[in-house]
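Structural characterization, general
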Amino acid sequence: MSSYSPLNTFGYVASQHLMPYDSRQTRLIAVLDEIIAAAGQVPSAELEHQIEDLLGNVLGQTASENVHMFTIDYLAYEDHKLDHFRICTTIAGIRCKAARALCIADDLQTLRKLLSLHIDKHDQMLEQYLISGVQPYQCQQYQELFR
């Protein structure tokens, strides 16, 4: 895997099906997809650095979102923040397994599902609130999320 990091490159788009996501979300998914592809090619210990970089970027994005949601008194802040915590701890666990040269392929797929679900539900609801002012507890998306 090269030292090129699409996380730090403005405007990187992984594929057409990710276009609805904003550029930061698209880059996170793209980097995760690169790690998943590499996991089938190289020993997991060789991916520890890339996973650590992914964690750093997710933590940075998480901190930014959390501060913003807190500042605007977003009603779904606690649920959104808890999902951020789940994603970050999942990445940290995968990094630890990679450092011990354990198999991480299934864990990476689980992480991809968690991250995609977070973006599709929590981030979309936050965006909807910022655009429309409709509180998440009042929108159908939120109610479907917690069924």
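Everything numeric here is computed off the predicted structure, so don't read it as measured data.

1. Some words on the overall build of the protein
- The helix and strand inventory of the protein stands at five helices and zero strands.
- Reading the protein from its N end, one meets helices and strands in the order α-α-α-α-α.
- For the protein, with 147 residues in total, the buried portion stands at 39%.
- Residue pairs in contact within the protein that sit at least 24 positions apart in sequence constitute 63% of those at least 6 positions apart.
- Accessible area for the protein stands at about 8200 Å²; split by element, carbon and sulfur atoms hold 56% of it.

2. Considerations on helix α4 (residues 105-132)
- Under the 1.5 Å per step criterion, the end-to-end length of α4 is 39 Å for 28 residues, consistent within 8% with the ideal 40 Å.
- By the largest-angle criterion, Ile-119 marks the main kink of α4, which is about 30°.
- One or two positions beyond α4, positive phi appears at Gly-133, with a value near 80°.

3. What about the nonpolar core?
- Core analysis: the largest hydrophobic core is formed by 23 residues, its most contacted members being Ile-51, Leu-54 and Ile-91.
- Put simply, the parts of the chain that give this core at least two residues each are α1 (23-39), α2 (48-71), α3 (77-99) and α4.
- Looking at which element gives the most residues to this core, the answer is α1, with seven residues.
- When near neighbours in sequence (up to four residues on either side) are disregarded, Ile-51 contacts Ile-35, Ile-91, Ile-94, Arg-95, Ala-98 and Ile-104.
- By size, the runner-up hydrophobic cluster in this structure holds seven residues, among which are Met-69, Ala-76, Met-125 and Leu-126.

4. A short note on the pattern of salt bridges
- Evaluation of the coordinates by the stated rule reveals five salt bridges.
- Residues Arg-95 and Glu-48 are paired through a salt bridge, measuring 2.7 Å at the closest nitrogen-oxygen approach. Taken together, the residues span a long stretch of sequence, with Arg-95 in helix α3 and Glu-48 in helix α2 at a distance of 47 residues.
- Two residues, Arg-86 and Asp-83, come together in a salt bridge whose shortest N-O distance is 2.8 Å. Taken together, the positions of Arg-86 and Asp-83, both in helix α3 and three residues apart, correspond to about one turn of that helix.

5. Describing unusual backbone geometry
- Unusually for a residue other than glycine, Asp-73 sits at a positive phi of about 55°.
- If you trace the backbone, Asp-73 turns up in the loop between α2 and α3.
- Despite not being glycine, Ala-101 has its phi angle at roughly 60°, a positive value.
- Turning to its location among the elements, Ala-101 is positioned in the loop between α3 and α4.
- With relative accessibility at 53%, the residue Ala-101 sits in the exposed group.

6. Brief notes about the packing of α2 against α3
- For the pair α2 and α3, the least separation of the axes is 10 Å and the interaxial angle reads 170°. As the angle between them shows, α2 and α3 are arranged roughly antiparallel. Between α2 and α3, the contacting residues are Glu-48, Ile-51, Glu-52, Leu-54, Leu-55, Val-58, Leu-59, Thr-62, Glu-65, Asn-66, Met-69 and Phe-70 on the first element and Tyr-77, His-80, Lys-81, His-84, Ile-87, Cys-88, Ile-91, Ala-92, Ile-94, Arg-95, Ala-98 and Ala-99 on the second.
- Residue composition of the contact of α2 with α3, grouped by class: 15 nonpolar, four polar and five charged.

Criteria and cut-off values
- Residues numbered from 1 in each chain as written.
- Predicted model: local features only at pLDDT ≥ 70, side-chain atom pairs only at ≥ 80, totals over all residues.
- Heavy atoms only, no water.
- Helix = DSSP H or I, 4+ residues; strand = E, 2+ residues; numbered from the N terminus.
- Buried < 20%, exposed > 50% of the residue type's maximum accessible area, 1.4 Å probe, protein only.
- Contact = heavy atoms within 4.5 Å.
- Areas by Shrake-Rupley, 256 points an atom, 1.4 Å probe, with all protein chains shown as cover.
- Expected span 1.5 Å × (residues − 1).
- Bend = angle between axes of the 7 residues up to and from the residue.
- Core = buried A, V, L, I, M, F, W, Y, C linked by side-chain atoms within 4.5 Å.
- Salt bridge = Lys/Arg side-chain N within 4 Å of Asp/Glu carboxyl O.
- Axes fitted to C-alpha atoms, helices over the stretch in contact; angles between N-to-C directions.
- Parallel < 35°, antiparallel > 145°, perpendicular 65-115°, else oblique.
- Nonpolar A, V, L, I, M, F, W, Y, C, P; charged D, E, K, R; others polar.

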